[in-house]
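Topology and contacts: notes
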Amino acid sequence: MMIRAAVVVSGADGYLRAMNEITPIAHPAAQPEGRQRKPDWIRVKAPMGAVFNETKGLMRRLGLNTVCEEAACPNIGECWTKKHATVMILGDTCTRACAFCNVKTGMPRAVDVLEPQHTADAAAELGLEHIVITSVDRDDLPDGGASQFVKVIEALRRTTPSTTIEILTPDFRNKAQAAIESIVTARPDVYNHNLETVPRLYPTIRPGARYYASLRLLESVKRHDPSIFTKSGVMLGLGEERLEVHQVMDDMRSADIDFLTMGQYLQPTPRHAKVQDFVTPKAFDAYAAIARAKGFLLVASSPLTRSSYHAGDDFARLRAAREAKLAR
Ligand code: SF4
């Protein structure tokens, strides 16, 4: 079950109160087999039930991968019983080896030409109003996989035109400008790319990526088409300092990013980066208050927040927030 502590903080006084409430606590105790004990507020629904199995069966039948399974997402029980699955295109093997990510690393197989239509068929069968598409990193491909994103968007527009489309892309290292131009021309509704963590931790947590390149990618999307919502996320609990998180927020605002997501990092296996802190729900709320004060159109911040968690509802909120801002 999702745990959200509702703390409403507004105005200058609220800002200061929020600053004081950000106290990452609960340093995780190691367990004998190397696993780290999770605090009580990390409670999730067990993955089971008829709709869950139906969603899983559909993905297998169409030969699609999902980040929900590959990343061992804690929300899979809740999301899949609502038929919300995030399709991971371009295969199940990534060319990078980030310290936080459970997706396997290696030399990927050839791109599946049927994947765009299969993704669209899945969206139609699931009756999705909003779909999130992500991918592995494909540094081996000349375009980094951008053309497959375009084909998926086109197949979705043809097959299920009322479904709104959110893409969560890699950084397209050294190929970003061409990739952005082609993807933006296909006009997804939301363009998400996660900064994941603070710049100081990139060498250990996200060694194949560059913080400012990721930031520039998002800025460039907005410059090419301001009507596309931009979104980015960070994981907390990797050893980041509070002021470093505030700096990331400022960097994101200077890149005109609309929507910030913040969630607790969870160690997928003992081989991955350790959790340094379990950030309390109250501290997540305090970060959210600060982010709102910095001007994001929308902020999602809780221990179980993930990029694609409640993405459909959040998209409706994003649209409403933009309309309200324009009406002012
Ligand atoms: S939060 Fe996203 S990745 Fe996790 S189960 Fe839900 S849709 Fe899948």
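Scroll up a little and you will see the structure.
Conventions adopted
Residues numbered from 1 in each chain as written. Predicted model: local features only at pLDDT ≥ 70, side-chain atom pairs only at ≥ 80, totals over all residues. Heavy atoms only, no water. Near = heavy atom within 4 Å. Nonpolar A, V, L, I, M, F, W, Y, C, P; charged D, E, K, R; others polar. Helix = DSSP H or I, 4+ residues; strand = E, 2+ residues; numbered from the N terminus. Expected span 1.5 Å × (residues − 1). Buried < 20%, exposed > 50% of the residue type's maximum accessible area, 1.4 Å probe, protein only. Arc of directions from axis to C-beta. Contact = heavy atoms within 4.5 Å. Pairing = 2+ DSSP bridges.

Bringing the site of the ligand into the picture now. Neighbouring the ligand are Val 67, Cys 68, Cys 73, Asn 75, Ile 76, Cys 79, His 84, Thr 86, Arg 306, Ser 308 and Tyr 309. Each residue belonging to the shell around the ligand can be placed in one class, and the counts come to 6 nonpolar, 4 polar and 1 charged.

Another aspect to go through is helix 12 (residues 311-327). Between its first and last C-alpha atoms helix 12 spans 24 Å; for 17 residues at 1.5 Å apiece the expected length is 24 Å, and the two agree. For helix 12, the set of buried residues is Ala 311, Asp 314, Phe 315, Leu 318 and Ala 321. Projected down its long axis, helix 12 shows its buried positions confined to an angular sector of 125 degrees, all on one face. Turned more than 90 degrees from where helix 12 packs its buried face, Glu 323 and Ala 327 sit exposed.

Our focus in this paragraph is helix 2 (residues 50-61). Because an α-helix packs 3.6 residues into every turn, residues spaced three or four apart end up facing the same way. Taking 1.5 Å per residue, 12 residues should reach 16 Å; helix 2 reaches 16 Å between its end C-alpha atoms and fits that length. When we look at burial in helix 2, the residues that qualify are Phe 52, Thr 55, Leu 58 and Met 59. Along helix 2, the residues classed as buried sweep out an arc of 130 degrees about the axis, all on the same side. The exposed residues of helix 2 that point more than 90 degrees off its buried face are Ala 50 and Arg 61. Each element contacted by the buried residues of helix 2 is listed here: strand 1 (65-66), helix 4 (76-81), strand 2 (87-89) and helix 5 (115-126). Directly after helix 2, the chain includes Gly 63, whose backbone phi takes a positive value near 65 degrees.

Counting buried positions along strand 8 (residues 229-236) yields 8 of 8 residues, so the element is predominantly enclosed. The alternating pattern of strand 8 places Phe 229, Lys 231, Gly 233 and Met 235 and Thr 230, Ser 232, Val 234 and Leu 236 on opposite faces, both of which are buried. Pairing between strand 7 (residues 190-192) and strand 8: 3 bridges, direction parallel. Directly across from Asn 192, in strand 8, lies its bridge partner Lys 231.

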